[in-house]
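Fold and geometry: a report
Each chain, written out:
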Amino acid sequence: MEKRKEVFSWIKAILIAVILAFLIRTYIFAPIVVDGESMMPTLQDHERIVLTKFGTNIDNIDRFDIVVFHATVDKDYIKRVIGLPGDHIEYKGDTLYINGKAYEEPYLDKYKNQMASGVPLTESFKLEDITGSMTVPEDQLFLMGDNRQNSLDSREIGTISVDEIVGKANLVYWPINEIKIVK
């Protein structure tokens, strides 16, 4: 009888642990592997990151957050939030303008310093030339990769619905010598 209670206790503990792990991974945090070079130098190909899945509604997403979204049925992309609903986006002279105000993008400095003199990292564009809209539509985001010359992002695929956001990148945890908070 005592043996049966112990076995039942172990089964119950294991079942609770599995259910908790499932719930945490489904609704709170998830590990994800960076696939590709579109977010370099911020994130490297094959780095492993922790993704926060809660708080992905429009009120909790800030400009310059790094998010993962469903690009296709089979593929998720990781990009940086550049434009929020109502924003007018323009790039000219390798400078980002949001609603007419110039913004610094320090996460691009490494690549900008490697560019030949006079060659822009990000080609000039206006939101309306890409999407046909003067501003980012309601419940949509304008996303770009940090590797501006090698990124399939909103410049090609248009704005992304907030409903497609899987989560926000928070922490690189692998490789171990590259552990860092994602900014």
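Presented here is a report on the structure given in the accompanying data block. Being a predicted model, the structure only gives us computed values, none of them experimental. Each chain has its residues counted from 1, following the order in which its sequence is written. Residues qualify for local features only when their pLDDT is at least 70, as the model is predicted, and side-chain atom pairs are given and counted only at 80 or more; totals for whole chains, interfaces and linings, by contrast, use all residues. Each side-chain value is worked out from all heavy atoms of the structure, with water and hydrogens disregarded.

Details of a nonpolar patch on the surface
There is a patch of nonpolar side chains on the surface, built from L15, I19, F22 and L23 and spanning about 390 Å² of accessible area. In this description a helix means any DSSP run of H or I spanning at least four residues, a strand means any run of E spanning at least two, and both kinds are numbered starting from the N terminus. Relative to the assigned elements, F22 resides in helix α1 (residues 2-27). Note on patches: the residues involved have over 30% relative accessible area and no salt bridge, like charges join within 9 Å, and the nonpolar side chains Val, Leu, Ile, Met, Phe, Trp and Tyr join within 5 Å. Areas reported here follow the Shrake-Rupley algorithm with a probe of radius 1.4 Å; residue values treat only the protein chains shown as occluding. Within this document, salt bridges are pairs made up of a side-chain nitrogen of Lys or Arg and a carboxyl oxygen of Asp or Glu, the two lying within 4 Å of each other.

Some points on the layout of surface pockets
Over the atoms rolls a probe the size of a water molecule, and in doing so it shows where empty space is left. Only protein atoms enter the 1 Å grid used here, on which a cavity is any set of points holding a 1.4 Å probe that cannot leave and a pocket is any open set flanked by protein within 12 Å on both sides along at least five of seven lines; residues with an atom within 4 Å of a point are listed as lining. Grid points are joined across faces, edges and corners, and a volume is the space filled by probe spheres set on the points. One number sums up the size of the largest pocket: a volume of about 300 Å³. As for the largest pocket, its lining consists of 17 residues, of which D35, K75, D76, Y77 and I78 are closest to the centre. Elements supplying a minimum of two residues to the lining of the largest pocket: β1 (29-33) and β4 (76-83). Broken down by element, the lining of the largest pocket gets its largest block of residues, four residues, from β4. Put simply, Ala, Val, Leu, Ile, Met, Phe, Trp, Tyr, Cys and Pro go in the nonpolar bin, Asp, Glu, Lys and Arg in the charged bin, and everything else, Gly too, in the polar bin. Among the residues making up the lining of the largest pocket, the classes are represented as nine nonpolar, three polar and five charged.

Looking at the sheet that holds strand β6 (residues 95-98)
Here, strands pair whenever DSSP counts at least two bridges between them. Pairing is antiparallel in the open sheet, where four strands are placed in the order β7-β6-β5-β8. With partners counted over all chains shown, the strands left at the sheet margins are β7 (101-103) and β8 (125-126), one partner each. Sheet analysis places strand β5 (residues 89-92) next to β8, joined by two bridges and oriented antiparallel. If you follow Y91 over to β8, its bridge partner there is F125.

Remarks on the nonpolar core
Formed by 15 residues in total, the largest nonpolar core has its most connected members in I82, I89, Y91, L96, F125, F142 and M144. At the level of secondary structure, the elements contributing two or more residues to this core comprise β5, β6 and β9 (140-144). Should any heavy atoms of two residues lie within 4.5 Å, those residues are counted as being in contact. What F142 contacts, discounting residues up to four positions off in sequence, is R80, V81, I82, G83, I89, F125, L127, I130, V136, S154, R155 and T159. Think of a nonpolar core as a cluster: buried Ala, Val, Leu, Ile, Met, Phe, Trp, Tyr and Cys residues, connected wherever their side-chain atoms sit within 4.5 Å. The buried label goes to any residue with under 20% of its type's maximum accessible area, the exposed label to any with over 50%, and the partly exposed label to all in between, with areas taken from a 1.4 Å probe on protein chains only. The next biggest cluster of nonpolar side chains, apart from the first, holds twelve residues, and it includes I49, I78, V172 and V182.

Quick word on a negative patch on the surface
Think of it this way: Lys and Arg go in the positive column, Asp and Glu in the negative one, and His and the chain ends go nowhere. Taken as the charge centre is NZ of Lys, CZ of Arg, CG of Asp or CD of Glu, depending on the residue. A cluster of like negative charges, contributed by E138, D139, D163 and E164, occupies part of the molecular surface. Counting through the fold element by element, D139 comes out in the loop between α3 (127-131) and β9. For D139, a relative accessible area of 41% corresponds to the partly exposed category.

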